[in-house]
Amino acid sequence: MRLPFLSSVVPPHVFCLLADGVTWANVRREPTPGFVESRHFPYPPNTLGAGPSGTPLFSREALAEAVDIARKASGGRLSKASVVFPDSWARILPIEFDTLPESEDAVRDMVLWKLKKLLPGISEELSVVFDEMPPGGGGEIRLLVAGAPTESLRSIEQSFESVGVRVGTLAPASLALFSGLSPVLGPLAGGDYGLLHRSPGSLVFVIARDGKPVFFRQRPDEEGEEDQDQEVRLSLSYYSEKLRGAGLSAIYVHDATPGRELASALPVKPTVISGALLSADRAFDARVSARPELLPGFAAVFRT
């Protein structure tokens, strides 16, 4: 798993994987950000398997049609792409440590050991990436850790490679969204800000300061509005008391499950992430409204 914590040359093509299909986009960064083209493709029947935790296992046949049509639409120029997958396929959480070893491999082993202690129900092999967060109120070392089933991630990469596409960034949607749009949203907010992202099966609330996540909370999106409000209140209490937060200047929202009430216990009026905030073209909002997964996909490419 290669997440947007890592700097790399990012191609304009992105594939957004979903439970029932894949959405491809050719992203335009400049002069006016937007989408050159985008299309959604349902998976052909019987082309996905399932791992022990229920995350999909991909095959060449699941992606071949999408890649073939996308390549033809791009004049044959499609050999590298970013891939974004649903937050519900990963577990993302801050983990605290008193000390960390110097070797990155040793840190990774320690992260995996602690992750399995925190998530005892997960028995399959996990791939993890991590990045250091600002220290907590007590000065402890904190890492933001993302873990996903190794077998699923391997199947994604191998399936794309089998159709001639090398995967660059491979990331859960919320991390792609935060990393890609933070350079824009942070200055607009002018202080600490929140990012609330709801997608099928997952609710993520991030609080950022100076381009870094100081708080990150992921929960299954199976609760009602009342439970979401409780999550938000607990998150804001932790931010204020434990992290000594001075208050949020803005809260930005991307809701990929429209038609349902979103948490209402927010301290400031939420701002929907729109094309206007990103200086994007006129067609941007209509495309994202039709296919909400396109916003994290756009962010995965736009971050450069």
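Residues numbered from 1 in each chain as written. Predicted model: local features only at pLDDT ≥ 70, side-chain atom pairs only at ≥ 80, totals over all residues. Heavy atoms only, no water.

Chemist: Help me understand the packing of helix α1 (residues 60-73) against helix α3 (residues 150-162) in this model?
Modeler: Geometrically, a packed helix pair is captured by the angle between its two axes and the distance between the axes. Where α1 contacts α3, the two axes come as close as 9 Å, and the packing angle between them is 50 degrees. With respect to α3, the axis of α1 lies oblique. Once α1 is placed against α3, the crossing between them reads as right-handed. Facing α1, whose interface residues are R60, L63 and V67, α3 presents S159, F160 and S162. For the contact of α1 with α3, the residue count by class is three nonpolar, two polar and one charged. (Axes fitted to C-alpha atoms, helices over the stretch in contact; angles between N-to-C directions. Helix = DSSP H or I, 4+ residues; strand = E, 2+ residues; numbered from the N terminus. Parallel < 35°, antiparallel > 145°, perpendicular 65-115°, else oblique. Left-handed = near helix turned anticlockwise from the far one by under 90°. Contact = heavy atoms within 4.5 Å. Nonpolar A, V, L, I, M, F, W, Y, C, P; charged D, E, K, R; others polar.)

Chemist: Hey, could you run me through the sheet that holds strand β15 (residues 271-272) in this one?
Modeler: Strand pairing in a sheet relies on backbone hydrogen bonds. The paired strands run either parallel or antiparallel. Read from one edge of the open sheet, five strands run β13-β12-β11-β14-β15, paired in mixed fashion. Looking along the sheet, the strands with just one partner apiece sit at the ends: β13 (212-219) and β15. One ladder, built from seven bridges, connects strand β11 (residues 193-199) with strand β12 (residues 202-209); its direction is antiparallel. Residue pairing in the sheet places Y193 in a bridge with A208 of β12. Against the sheet, helix α4 (residues 173-189) touches β11, β12, β13 and β14 (250-255), its axis set at about 150 degrees to β11. (Pairing = 2+ DSSP bridges.)

Chemist: When you look at the packing of α4 against helix α7 (residues 294-302) in this model, what are you seeing that I'm missing?
Modeler: Between α4 and α7, the least distance of the axes is 7 Å, while the angle of their chain directions is 55 degrees. Classed by the angle they form, the pair α4 and α7 counts as oblique. Relative to α7, α4 is oriented so that their crossing is left-handed. In this structure, α4 uses A173, A176, L177, G180, L181 and V184 to contact α7, whose residues at the interface are L295, P296, A299, A300 and F302. A breakdown of the residues in the contact of α4 with α7 according to their chemical character gives ten nonpolar, one polar and no charged.

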